[in-house]
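# Descriptive structure summary
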Amino acid sequence: MRADAQRNRASVLAAAEAAYAEHGVDVSLNEIARRAGTGNATLYRHFPTREALLAEVYTGHLERYCALAEDAARADDPGIALRDCVIATCALQASNRGLADLLASLRPLSVHVEELRARHYRAVAALFERAVRSGGVRPDASPADLAVLLIANMVQVAAYTRR
């Protein structure tokens, strides 16, 4: 890739990350191109779809999100680990509105992102199973409860960032 193309791609990614964090994943691609100092054609040359741009921006965030759950699933006390995992995940959401939107969404972005979501679900399911078996969590608790919590947290993040 030519140096100017690399700079443009990096500018688009930086602008997208900042815009998504501030306004959520539905920010317009025109706004991202404007922030990047590029034209729409440049943005689309590098990222032909909104999903491709979102996947590129958020893959690293989702890797960290998976690592949180995987570390918690291996912890000695699964009840405490579940609590700490939920707190850390909500803090991630609060720090980035786009990530909050993405964590609460079922919107498919890419094969890799869907693999990360499945990886996260497996870790959370294992954590819940261990936490229930240990008595640290109610026996009727499930990973679906975490999904509801993340959606509720996302709504709060969105409401707070609109102020």
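Rules of the game
Residues numbered from 1 in each chain as written. Predicted model: local features only at pLDDT ≥ 70, side-chain atom pairs only at ≥ 80, totals over all residues. Heavy atoms only, no water. Helix = DSSP H or I, 4+ residues; strand = E, 2+ residues; numbered from the N terminus. Buried < 20%, exposed > 50% of the residue type's maximum accessible area, 1.4 Å probe, protein only. Contact = heavy atoms within 4.5 Å. Areas by Shrake-Rupley, 256 points an atom, 1.4 Å probe, with all protein chains shown as cover. Lys, Arg positive; Asp, Glu negative; His and termini not counted. Charge placed at Lys NZ, Arg CZ, Asp CG, Glu CD. Salt bridge = Lys/Arg side-chain N within 4 Å of Asp/Glu carboxyl O. Phe/Tyr/Trp six-rings, centres within 6.5 Å; stacked < 30°, edge-to-face > 60°. pLDDT = per-residue confidence, 0-100. Core = buried A, V, L, I, M, F, W, Y, C linked by side-chain atoms within 4.5 Å. 1 Å grid on protein atoms, 1.4 Å probe; cavity = no way out; pocket = protein on both sides within 12 Å on 5 of 7 lines; lining within 4 Å. Points joined across faces, edges and corners; volume = space filled by probe spheres on them. Nonpolar A, V, L, I, M, F, W, Y, C, P; charged D, E, K, R; others polar. Axes fitted to C-alpha atoms, helices over the stretch in contact; angles between N-to-C directions. Parallel < 35°, antiparallel > 145°, perpendicular 65-115°, else oblique.

Scanning the protein chain from N- to C-terminus turns up 8 helices and 0 strands. Dimensions of the protein chain, computed from the C-alpha atoms along their principal axes, are close to 55 × 35 × 20 Å. With 163 residues in all, the protein chain has 42% of them scored as buried. Of the contacts formed within the protein chain by residues at least 6 apart in sequence, a portion of 69% connects residues at least 24 apart. With the model as given, the accessible surface of the protein chain reaches about 8700 Å², and the carbon-plus-sulfur share is 56%. Computed over 20 positive and 19 negative side-chain charges, the separation of the two mean positions in the protein chain equals 5 Å.

Moving on to the pattern of salt bridges. Counted under the stated rule, the structure contains 12 salt bridges. Put simply, E56 and R9 hold a salt bridge, and the shortest N to O gap is 3.5 Å. In this pair, E56 is assigned in helix α4 (residues 50-74) and R9 in helix α1 (residues 3-23), connecting sequence segments 47 residues apart. Salt-bridge contacts for R35 lead to E22; the nearest nitrogen and oxygen are separated by 3.3 Å. With R35 in helix α2 (residues 29-36) and E22 in helix α1, the pair connects residues that are 13 residues apart, well separated along the chain. Counted as one network, the salt bridges with shared partners bring together E22, E31, R34 and R35.

This paragraph deals with the packing of aromatic side chains. According to the stated counting rule, one finds 1 aromatic pair in the structure shown. Residues Y20 and Y58 carry aromatic rings whose centres are separated by 6.0 Å and whose planes lie at 35° to one another, so their mutual orientation is tilted. Of the two residues, Y20 sits in helix α1 while Y58 sits in helix α4, which places them 38 residues apart along the sequence. The residues Y20 and Y58 share a single accessibility class, namely buried.

Here we take up the confidence of the model for the protein chain. Averaged over every residue, the pLDDT of the protein chain is 89; the share at 70 or more is 97%. Averaged pLDDT values over the elements of the protein chain bottom out at 76 in helix α8 (residues 143-162) and peak at 96 in α2.

Moving on, we come to the nonpolar core. If you look at the biggest cluster of nonpolar residues, it comprises 45 residues, and the most contacted ones within it are Y20, I32, L53, Y58 and L62. Within the residue set of this core, elements represented by two or more residues are α1, α2, α4, α5 (78-95), α6 (97-103), α7 (111-134) and α8. Looking at this core element by element, the count peaks at 11 residues for α4. Not counting chain neighbours up to four residues away, the residues in contact with I32 comprise V12, A15, A16, A19, Y20, V27, L43 and L53.

This part takes up the layout of surface pockets. Reported here for the largest pocket is a volume of approximately 390 Å³. In this structure, the largest pocket is lined by 16 residues; those nearest its centre are Y65, L103, L106, H120 and A147. Taken together, the elements giving at least two residues each to the lining of the largest pocket come down to α4, α6, α7 and α8. Among the elements that take part in the lining of the largest pocket, α8 stands out by supplying 5 residues, more than any other. Each residue belonging to the lining of the largest pocket can be placed in one class, and the counts come to 13 nonpolar, 2 polar and 1 charged.

The next thing to look at is the packing of α4 against α5. The geometry of α4 relative to α5 is characterised by a closest axis approach of 9 Å and an angle of 170° between their N-to-C directions. In terms of axis orientation, α4 runs roughly antiparallel to α5. Between α4, through Y65, L68, A69 and A72, and α5, the contact on the second element is made entirely by A81, C85, A88, T89 and L92. Tallied by class, residues from the contact of α4 with α5 come to 8 nonpolar, 1 polar and no charged.

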